[in-house]
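Read off the chains here:
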Amino acid sequence: MKRWLPLGLIAAGVALAAAALLSSSSEEERIRERLTQLSEAVRIDEGERNPLVRLGRVRGEFAEIFTKDARASVPELDGRISGRDELAAAAAKAAGLYQSADVSFGDAEIRIDEAGMTAEVVATATIAGARHGQPVRRDERPVTLRLEKIDDEWKIVSATVEPERGPGDDGP
């Protein structure tokens, strides 16, 4: 019986390590799904012209994606935006400037803290959009998102979009 005890403890340790690894990859997948949901929420379709309808849709989506006190820093919006409602209003106004726009997040590096309650995502946001009467323009920007796990759901607490870099600008 005493010989089986060490083997049982080793097996239990391996099982716990495997469960932690699977849990971590599962949490990463849930965060990637949240990024996809954000992409869909900010997308601008050519047919979506009514600003009130867009605001209602975006506000509903953002309620699932962002915390109430979320904040964002986007250079084109002249500084910081505070609060989920302000974020939704800014996203809704974009439809007045753009005929169509898509956002995707690539090269996402996700770091989840040991407690599994906060995470940071560093990714490349690719924006493809066309202003009214102009061709589609493509832009890539580094983005940092901070998330918290609230009621077992990942919510974005903050988003920082880096400024557009000019030719020959190697960054800071």
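Above this text is the structure in question.
These notes cover the structure that comes with them. Quantities reported herein were computed from a predicted structural model and do not represent experimental measurements.

## Some points on the overall build of the protein chain
Helix and strand counts for the protein chain stand at three helices and six strands. Counted from the first residue to the last, the protein chain has its helices and strands arranged as α-α-β-β-α-β-β-β-β. Expressed as a percentage of the 172 residues in the protein chain, the buried residues total 31%. Of the contacts formed within the protein chain by residues at least 6 apart in sequence, a portion of 54% connects residues at least 24 apart. Of the roughly 10,900 Å² of accessible surface on the protein chain, a fraction of 56% belongs to carbon and sulfur atoms.

## Structural notes on the sheet that holds strand S6 (residues 153-161)
Taken together, six strands build an open sheet; the order of strands is S2-S1-S6-S5-S4-S3 and the sheet is mixed. Both edges of this open sheet fall to strand S2 (79-82) and strand S3 (98-112), since each of them pairs with a single strand only. Each neighbouring strand pair of the sheet contributes to a mean axis angle of 25°, computed without reference to strand direction. Helix-sheet contacts for helix H2 (residues 51-65) involve strand S1 (66-74) and S6, and the interaxial angle to S6 is about 110°. Contacting S1, S2, S3 and strand S4 (118-131), helix H3 (residues 84-97) runs over the sheet at an angle of about 50° to S1.

## Details of the pairing of S1
One ladder, built from four bridges, connects S1 with S6; its direction is parallel. Bridge assignment links Ala72 to a residue of S6, and that residue is Ala159.

About the cut-offs
- Residues numbered from 1 in each chain as written.
- Predicted model: local features only at pLDDT ≥ 70, side-chain atom pairs only at ≥ 80, totals over all residues.
- Heavy atoms only, no water.
- Helix = DSSP H or I, 4+ residues; strand = E, 2+ residues; numbered from the N terminus.
- Buried < 20%, exposed > 50% of the residue type's maximum accessible area, 1.4 Å probe, protein only.
- Contact = heavy atoms within 4.5 Å.
- Areas by Shrake-Rupley, 256 points an atom, 1.4 Å probe, with all protein chains shown as cover.
- Pairing = 2+ DSSP bridges.
- Axes fitted to C-alpha atoms, helices over the stretch in contact; angles between N-to-C directions.

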